[in-house]
Amino acid sequence: MFVVLEGLDGSGTTSQTSRLLMALERLGIAVQGTREPSDGPVGTLLRQALSQRLRAASGEALCSETLALLFAADRVDHIQCEVQPALDASKVVVSDRYVHSSLAYQGRSL
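Cut-offs applied
Throughout this document, residue positions are counted from 1 along each chain, in the order its sequence is written. Per-residue local features are limited, in this predicted model, to residues with pLDDT of at least 70; the limit for side-chain atom pairs, both in listing and counting, is 80 or more; totals at the level of whole chains, interfaces and linings are taken over all residues. Remark: hydrogens and water are excluded; side-chain values derive from all non-hydrogen atoms of the structure. Starting at the N terminus, helices and strands are each numbered in turn, a helix being any DSSP run of H or I of at least four residues and a strand any DSSP run of E of at least two. Three exposure classes are used, based on accessible area relative to the maximum for each residue type with a 1.4 Å probe and protein chains only: buried under 20%, partly exposed in between, and exposed over 50%. What we call a nonpolar core is a set of buried Ala, Val, Leu, Ile, Met, Phe, Trp, Tyr and Cys residues that are connected through their side-chain atoms within 4.5 Å. Note on definitions: a residue-residue contact is assigned when non-hydrogen atoms from the two residues lie within 4.5 Å. Between Lys or Arg on one side and Asp or Glu on the other, a salt bridge is scored when a side-chain nitrogen of the former is within 4 Å of a carboxyl oxygen of the latter.

## Points about unusual backbone geometry
What is expected of a backbone is that most residues other than glycine have negative phi and most peptide bonds are trans. That bond from Glu36 to Pro37 is cis: its omega, -5°, falls within 30 degrees of zero. Note that Pro37 resides in the loop between β2 (31–35) and α2 (41–50). A positive phi angle is found at Ser90, which is not glycine, with a value near 65°. In this fold, Ser90 is placed in the loop between α3 (64–88) and β3 (92–96). Even without glycine at this site, Arg97 takes up a positive phi of about 85°. Residue position: Arg97 is located in the loop between β3 and α4 (99–108). In this structure Arg97 comes out as buried when scored by relative accessible area, which is 15%.

Structure, rendered in structure tokens:
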């Protein structure tokens with residue numbers, strides 16, 4: 001089972017994800033917590049870009065198209081390396097954000 005918590009920045013998705021993981025663990029359910037952007041290599045780059053620590057060669061912030069592609073690349077890597085293996089191991093995966101956040105954030109720049 002793949003459970004996703006979505007919400008605006010500061011709405012408590014990280015706190016609620018943590019609480020849900022603890023509650024499921026107390027019930028003896030095998031769980032794995034995750035988040036997007038992920039903690040993988042592309043997600044790390046993306047987090048740096050979002051915090052303005054990674055910039056384009058011109059010194060400007062990365063453009064919205066580049067960020068959208070980084071989000072997509074991170075999602076592919078995240079699913080292949082973290083989510084699917086956990087699901088294959090019969091774990092419940094709880095994610096702090098997923099595709100709906102990308103749609104909302106990229107949609108806002110249109």
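## Examining the nonpolar core
Among the nonpolar cores identified, the biggest contains 7 residues, and these are Val42, Leu46, Ala49, Leu62, Leu67, Leu70 and Phe71. Elements with a minimum of two residues in this core: α2 and α3. Look past the residues within four positions of Leu46 in its chain and what remains in contact with it is Pro37, Leu67, Leu70 and Phe71.

## Observations concerning the pattern of salt bridges
Summed over the entire model, instances satisfying the criterion amount to 2 salt bridges. Residue Asp39 pairs with Arg35 through a salt bridge whose shortest N-O separation is 2.5 Å. Residue classification places Asp39 among the exposed residues on the basis of a relative accessible area of 55%. Arg35 gets classed as partly exposed once you look at its relative accessible area, which sits at 33%. With a shortest N-O distance of 2.6 Å, Glu36 and Arg75 are connected by a salt bridge. With Glu36 in the loop between β2 and α2 and Arg75 in helix α3, the pair connects residues that are 39 residues apart, well separated along the chain.

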